[in-house]
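# Fold and geometry: a report
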Amino acid sequence: FRGRPVWDLMKQRLPITIRLALLAFAFELVIGILAGILAGVRKGGFADNLVLVSTLVVIAIPIFVLGFVAQLLIGVEFGWLPVSGIQRGWISYVLPAMVLGSISLAYIARLTRTSLVENLRTDYVRTAVAKGLPRRRVVGIHTFRNSMIPVVTFLAIDLGALMGGAIITETIFNIPGIGRAVFDGVQRQEGTVVVGIVTFLVIIYMVANLLVDVLYAVLDPRIRYD
């Protein structure tokens, strides 16, 4: 309606969403995997129960509720992080990235924990332990790589979801990214903008899944040999 090509709008908004999505991706990847490993190697302990309960609570809370609560508590009440806009650089993306990646973090922690527990019961792990290998090496090298296959699958899907799921988060935190552009396009009934952006996000999603197929062979030699 404004006479601008959709691609010009995307070039302006896309870098903002990429920064937000990458920060959220790094947040959920590091914290989620570490929490999952901690819960998996200490199954039934305090750390395991803490991870299971906390991730269940996060999954049960809708993203828009979690966003407003984080905005109120962390931003307004405590004043630790900015709650609106991107005027303060990278620090402005921290709170929105935590909210955006929180639910995915919970799923990653649970996936890592479940996969790790299953692989710790396998014969090759018992053989490695019987040979006298240190537990850190057994878990960190032999078990961890095979346990990452379902996690990597989820991460590839989630990367595309982060790009599209930023619509709610960017609206709550007033971030002028590509998700906000989709929201504005829907409100103004600009079908061309919505279709153009969604098509681009679909391409990103497909490329991410292609990279996962390549990573399977890196993580599991059996797949590479087949």
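Further up the page is the structure itself.
About the criteria used
Residues numbered from 1 in each chain as written. Predicted model: local features only at pLDDT ≥ 70, side-chain atom pairs only at ≥ 80, totals over all residues. Heavy atoms only, no water. Axes fitted to C-alpha atoms, helices over the stretch in contact; angles between N-to-C directions. Helix = DSSP H or I, 4+ residues; strand = E, 2+ residues; numbered from the N terminus. Parallel < 35°, antiparallel > 145°, perpendicular 65-115°, else oblique. Left-handed = near helix turned anticlockwise from the far one by under 90°. Contact = heavy atoms within 4.5 Å. Salt bridge = Lys/Arg side-chain N within 4 Å of Asp/Glu carboxyl O. Buried < 20%, exposed > 50% of the residue type's maximum accessible area, 1.4 Å probe, protein only.

Glancing now at the packing of helix 1 (residues 6–41) against helix 2 (residues 46–60). For the pair helix 1 and helix 2, interaxial distance at closest approach is 7 Å and the crossing angle is 135°. On the basis of their axis angle, the class for helix 1 and helix 2 is oblique. Relative to helix 2, the crossing made by helix 1 is left-handed. Contact residues: Ala-35, Leu-38 and Ala-39 in helix 1; Ala-47, Asp-48 and Val-51 in helix 2.

In the structure shown here, the tally under the stated rule is three salt bridges. A salt bridge links Arg-113 to Asp-48; its shortest N-O distance comes to 2.9 Å. In this pair, Arg-113 sits in helix 4 (residues 91–119) while Asp-48 sits in helix 2, placing the two residues 65 residues apart along the sequence. Residue classification places Arg-113 among the buried residues on the basis of a relative accessible area of 15%. For the salt bridge of Asp-184 with Arg-180, the shortest nitrogen-to-oxygen distance reads 3.5 Å. On the criterion of helical spacing, the pair formed by Asp-184 and Arg-180 is a turn pair, its members being four residues apart in helix 7 (residues 178–187).

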